[in-house]
Amino acid sequence: MLAITPWDLNSLHPIEKAIQKANLGMNPAVHGKIIRLAFPELSQERRQEFVKMVKKMAEDGRVAIRHVRRDAMEQLKKHGHDSGVTEDEEKQCEKDLQKLTDDYSAKI
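Along each chain, numbering runs from 1 in the same order as the chain's sequence is written. Local features in this predicted model are restricted to residues whose pLDDT is 70 or higher, and side-chain atom pairs enter the listing and the counts only when it is 80 or higher, whereas totals over whole chains, interfaces and linings include all residues. Note: side-chain values were computed over all heavy atoms of the structure, leaving out hydrogens and water.

*Asks:* I'm lost on the sheet that holds strand β2 (residues 29–31) in this one. Help?
*Replies:* By definition, the strands of a sheet pair up through backbone hydrogen bonds, in either a parallel or an antiparallel sense. One bridge is not enough; two strands pair if DSSP finds at least two bridges between them. Per the convention used, a helix needs a DSSP run of H or I reaching at least four residues, while a strand needs a run of E reaching at least two, with both numbered from the N terminus. The strand order β1-β3-β2 describes an open sheet built from 3 strands, whose pairing is antiparallel. With one partner strand each, in any of the chains shown, β1 (2–4) and β2 form the two edges of the open sheet. On average, each strand axis in the sheet is tilted by 30° relative to the strand beside it, whichever way the strands run. Sheet topology places β1 next to strand β3 (residues 34–37); 3 bridges connect them, and they run antiparallel. Bridge pairing in β3 places Ala3 opposite Arg36. Lines fitted to C-alpha atoms define the axes, with helix axes restricted to the stretch in contact, and inter-axis angles between N-to-C directions lie between 0 and 180 degrees.

See the structure below:
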């Protein structure tokens, strides 16, 4: 059971509606100044759904990291020659960027 007590009582019903719209599989119950959320027992099917959701979120995170790496590589190649960066420095920067990408992908 989770009890939510908003600081501003005027936000009680908007919070309730936001929880309902989030489609979390829970139905908030308002009791005076508190919103109560009852968490149902997890079934095997629900656990598998959560695993799928987490895997998808992790893959989306890794894709976002790769997009950032690609953009950084493009900027390096585009502006590297203009600013006097040598080819060796550029290759080292690319290796460092790839290492950062691998590290953060592994953390996800």
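*Asks:* Would you mind showing me how to read the nonpolar core here?
*Replies:* For soluble globular proteins, nonpolar side chains are generally found buried alongside one another. The criterion is simple. A nonpolar core is a set of buried Ala, Val, Leu, Ile, Met, Phe, Trp, Tyr and Cys residues joined through side-chain atoms within 4.5 Å. Exposure classes here rest on a 1.4 Å probe applied to the protein chains alone. A residue is buried below 20% of its type maximum, exposed above 50%, and partly exposed in between. Leu12, Ile19, Met26, Ile35 and Leu37 form the largest nonpolar core, which has 5 residues in total. In what follows, a contact means two residues having at least one pair of non-hydrogen atoms within 4.5 Å. Beyond its immediate sequence surroundings of up to four residues, Leu12 is in contact with Pro6, Val30, Gly32, Lys33, Ile34 and Ile35.

*Asks:* Whenever I open this one, the side chain of Glu94 confuses me. Can you help?
*Replies:* When you line up the elements, Glu94 lands in helix α3 (residues 87–107). Beyond its immediate chain neighbours, meaning those up to four positions away, Glu94 contacts Met73, Leu76 and Lys77.

*Asks:* Help me out: how do you make sense of α3 in this one?
*Replies:* For an α-helix, the turn length of 3.6 residues means that residues three or four places apart are oriented alike. Helix span, as expected, comes to 1.5 Å for every residue beyond the first. Between its first and last C-alpha, α3 extends 30 Å over 21 residues, near the 30 Å set by a 1.5 Å rise per residue. Within the sequence span of α3, burial applies to Glu90, Glu94, Leu97, Thr101 and Ser105. Along the axis of α3, the buried positions cluster into a sector of 70°, meaning they face one direction only. Turned more than 90 degrees from where α3 packs its buried face, Asp88, Lys95, Lys99, Ala106 and Lys107 sit exposed. Elements that come into contact with the buried residues of α3 comprise α2 (44–80). The arc under discussion is defined with respect to the helix axis, by the directions toward the C-beta atoms.

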